[in-house]
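If you want the building blocks of each chain, they are given just below.
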Amino acid sequence: MFDCRRTREFIDLYLDNELESVPTKHVAEHLEQCAECRREFELMRSQNQLLADSIKNQKYDIRKLAADIEAATVGKAAIRLPELSRPRIPMWVLALGCILIVAVSALFYLPGKMSLAKAHPLYQAVAADDRACFADSAASDWIRSQPTINELATSFLNQKQNIPGSFGEYRLVRARICNFDGVNFLHVIYETAGGRHASLFIGHSGASLPRGERSKSANGRSLQLAHVSGLAVFCAEDDIRLLFAAAPDDDAAQAALLAALNS
Amino acid sequence: MPLFNRMSRRQREEFKSQALVHVAALMCSALRLCGSRESAEDAVQETYLQAWKYWKTFKPGTSCRAWLFRILFNVIKKKHGAQTKQVPIEDIAIDNIIRFIPETQHDVYEVLEAFERLSEEHREVLLLVAVEEMTYKEAAFSLGVPVGTVMSRLNRARIQLRRWLGRTEHKSLADAAGKGQ
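Here the structure is a predicted model, which is why all the values come from computation and not from measurement.

The rules behind the values
Each chain carries its own residue numbering, running from 1 in the written order of its sequence. Here the convention is simple: chains get letters from A, ligands get numbers from 1, in the order in which they are written. At least 70 in pLDDT is required for a residue's local features to be given in this predicted model, at least 80 for side-chain atom pairs to be given and counted, and no such filter applies to totals for whole chains, interfaces and linings, which use all residues. Counting from the N terminus, the helices are DSSP H or I runs at least four residues long and the strands are E runs at least two residues long. Three exposure classes are used, all based on how many other C-beta atoms lie within 10 Å of a residue's own C-beta (placed from the backbone): buried at 20 or more, exposed at 12 or fewer, and partly exposed between those limits. The contact rule is simple: place each C-beta atom from the backbone, and if two of them lie within 7 Å, those residues are in contact. Only buried residues count toward a nonpolar core: Ala, Val, Leu, Ile, Met, Phe, Trp, Tyr and Cys, linked into one set through C-beta atoms within 7 Å. Axes here mean lines fitted to C-alpha atoms, for a helix over just the part in contact, with angles spanning 0 to 180 degrees between N-to-C directions. Each angle receives one of four descriptions, namely roughly parallel if under 35 degrees, roughly antiparallel if over 145, roughly perpendicular if within 65 to 115, and oblique otherwise. Left-handed describes a crossing whose near helix is turned anticlockwise from the far helix through less than a right angle; right-handed describes the clockwise counterpart. Any residue that is not Ala, Val, Leu, Ile, Met, Phe, Trp, Tyr, Cys, Pro, Asp, Glu, Lys or Arg is counted as polar, Gly included; the first ten are nonpolar and the last four charged. We treat two strands as partners when DSSP finds at least two bridges between them. Here, expected helix span is obtained from the residue count minus one, scaled by 1.5 Å. Arc definition: directions from the helix axis to the C-beta atoms.

Side note on the overall build of chain B
- Broken down by element type, chain B carries nine helices and zero strands.
- Listing every helix and strand of chain B by position from the N terminus yields α-α-α-α-α-α-α-α-α.
- For chain B, the proportion of its 181 residues judged to be buried stands at 39%.

Quick look at the structure:
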């Protein structure tokens, strides 16, 4: 049996039913025999009871809160889930759907940004010549006189056709004959006051229009376009001429070609 | 949130039978820990929404009540902060309880006033053990502390409570402990 000191060491645990069976028995025996410890224990128990009762007995109607909580959790799921429920879509179907969306988007987006077909080698040759001529602007074979250029162009044009002297901000500055794989072209260079340039190549129309990376229509004309070495190279032909226009940006190259076709 | 909570019928039934039955217990404690009745209601509702959200993580066989109290205490700490003012004790349904301790004539108001003077951690541990009659282990889980901490807090809370109640026997208790009768 415990003495008073040992009993009071364990009295909290005894009150809370946390003691093992052996010490519980010792405390119980002591409380039975010691009036002072028993009184102390009864006081603790009364205080505990009063505290518990006063906290548990609130003037508060719990029913509405309980109903609200049930409605917001279990009730909501029970009512709404069937309305919202739909067949569970397998992950592979979702993945396939995503791939299809990306593929369809690419079909609309990529043609304007990427080469979808391999262009005719002439586009490569035109771009290479344009780069070379631009770097070689001081060469002696350049013709800078407008009448001489027009005279030179006559062999590539019919009587009704001319070489445009300008288009937009671009002005004709020089020209010379170049040769692509044994075929002569008149290479005409246009420049703006700001230093931008565009090239026009005029040759004799061949058996078929060299195919670019994609086709484009502008002003009722059917054009071929390829992007080579950072240049936009447009191509078109009329009854006797095969025309290429090259420029760093699409708009300038297209404008050069249309100006030549309409002149 | 509930719209996307895919609970099986069995899980909903379990939530209803195991968790929703503790609304009253949680509310009683929240009223003693929050500054107003509205805050207490908010805290209990938030507790249940969290419980509903994470119901799948609740381990069957453990104490759901202890788990809910753990969430409640976290919600109160996060959203409402430590409150020093509780819901007025006039709201107690005095007719339903014994109004005083026969041995000392301390009435319910004195006990509650002393309770409200306790620190938050002492109030929490008393609420769990003395009011909710949880085991120390359950209380330790609810508070997120070791069992030893529960015991020491409980002991200090009770000593403090008796001191504020002007319990002279507290002195005699200490004396008895010292003398080793």
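Here the narrative resumes, following the displayed structure.
With respect to the overall build of chain A
- Scanning chain A from N- to C-terminus turns up eight helices and eight strands.
- Considering chain A as a whole, with its 263 residues, one finds that 31% of them fall into the buried category.
- Restricting to contacts in chain A with at least 6 residues of sequence separation, those with at least 24 account for 53%.

Thoughts on the nonpolar core
- Among the nonpolar cores identified, the biggest contains 53 residues, and L26, A30, V44, L72, L126 and V129 of chain B are the most heavily contacted of them.
- Among the elements that line this core, the one with the most residues is helix α4 (residues 64-80) of chain B, at nine residues.
- Ignoring sequence-local partners within four residues, the contact set of V44 of chain B consists of L65 of chain A together with V23, L26, M27, A30 and L72 of chain B.

Overview of unusual backbone geometry
Residue and element names in this part refer to chain A.
- Of note in the backbone geometry, N17 takes a positive phi value of approximately 55 degrees without being a glycine.
- Looking at the secondary structure, you find N17 in the loop between α1 (4-15) and α2 (21-33).
- A positive phi is found at S229, a non-glycine position, where the angle reads about 50 degrees.
- Note on placement: S229 falls in the loop between β6 (221-228) and β7 (231-237).
- For S229, a count of 12 C-beta atoms within 10 Å translates into the label exposed.

Regarding the environment of H22 of chain B
- The topology assignment puts H22 of chain B in the loop between α1 (9-19) and α2 (23-33).
- Setting aside chain neighbours within four positions, we find H22 of chain B in contact with R65 and L68 of chain B.

A closer look at the packing of helix α6 (residues 120-131) of chain B against helix α7 (residues 136-143) of chain B
Residue and element names in this part refer to chain B.
- One can describe the packing of α6 onto α7 by two numbers: an axis separation of 9 Å at closest approach and a directional angle of 140 degrees. Here α6 is positioned oblique relative to α7, judged by the angle of their axes. In the crossing of α6 with α7, the sense of the turn from one axis to the other is right-handed. Between α6, through E124, V125, L128 and V129, and α7, the contact on the second element is made entirely by Y136, A139, S142 and L143.
- For the contact of α6 with α7, the residue count by class is six nonpolar, one polar and one charged.

Regarding the sheet that holds strand β3 (residues 183-191) of chain A
Residues and elements named next belong to chain A.
- Across the sheet, which stays open at both edges, the eight strands sit in the order β1-β2-β3-β4-β8-β7-β6-β5 with antiparallel pairing between neighbours. A single partner strand is all that each edge strand has here, and the edge strands are β1 (166-167) and β5 (214-218).
- Sheet analysis places β5 next to β6, joined by five bridges and oriented antiparallel. Across the sheet, residue A218 finds its bridge partner in β6, namely R221.
- Running over the sheet, helix α6 (residues 121-135) touches β2 (170-180), β3, β4 (197-204), β6, β7 and β8 (241-247) and is turned about 120 degrees from β7.

A short note on helix α3 (residues 35-56) of chain A
All names here are of chain A.
- The terminal C-alpha atoms of α3 lie 31 Å apart, and with 22 residues this matches the ideal 32 Å at 1.5 Å per residue to within 8%.
- For α3, the set of buried residues is C37, E40, L43, M44, Q47, N48, L50, L51, S54 and I55. Along the axis of α3, the buried positions cluster into a sector of 160 degrees, meaning they face one direction only.

So, α6 of chain B
- Most of α6 of chain B is tucked away, with nine of its twelve residues classed as buried.
- Inspection of α6 of chain B places R123, E124, V125, L126, L127, L128, V129, A130 and V131 of chain B among the buried residues, and these make up the whole buried set.

Comments concerning the packing of α7 of chain B against helix α8 (residues 147-164) of chain B
Residue and element names in this part refer to chain B.
- At a minimum axis separation of 8 Å, α7 and α8 run at an interaxial angle of 100 degrees. For the element pair α7 / α8, the angle class is roughly perpendicular. On α8, the residues that touch Y136, K137, A139, A140 and L143 of α7 are V147, V150 and M151.
- Here the contact of α7 with α8 is composed, by residue class, of seven nonpolar, no polar and one charged.

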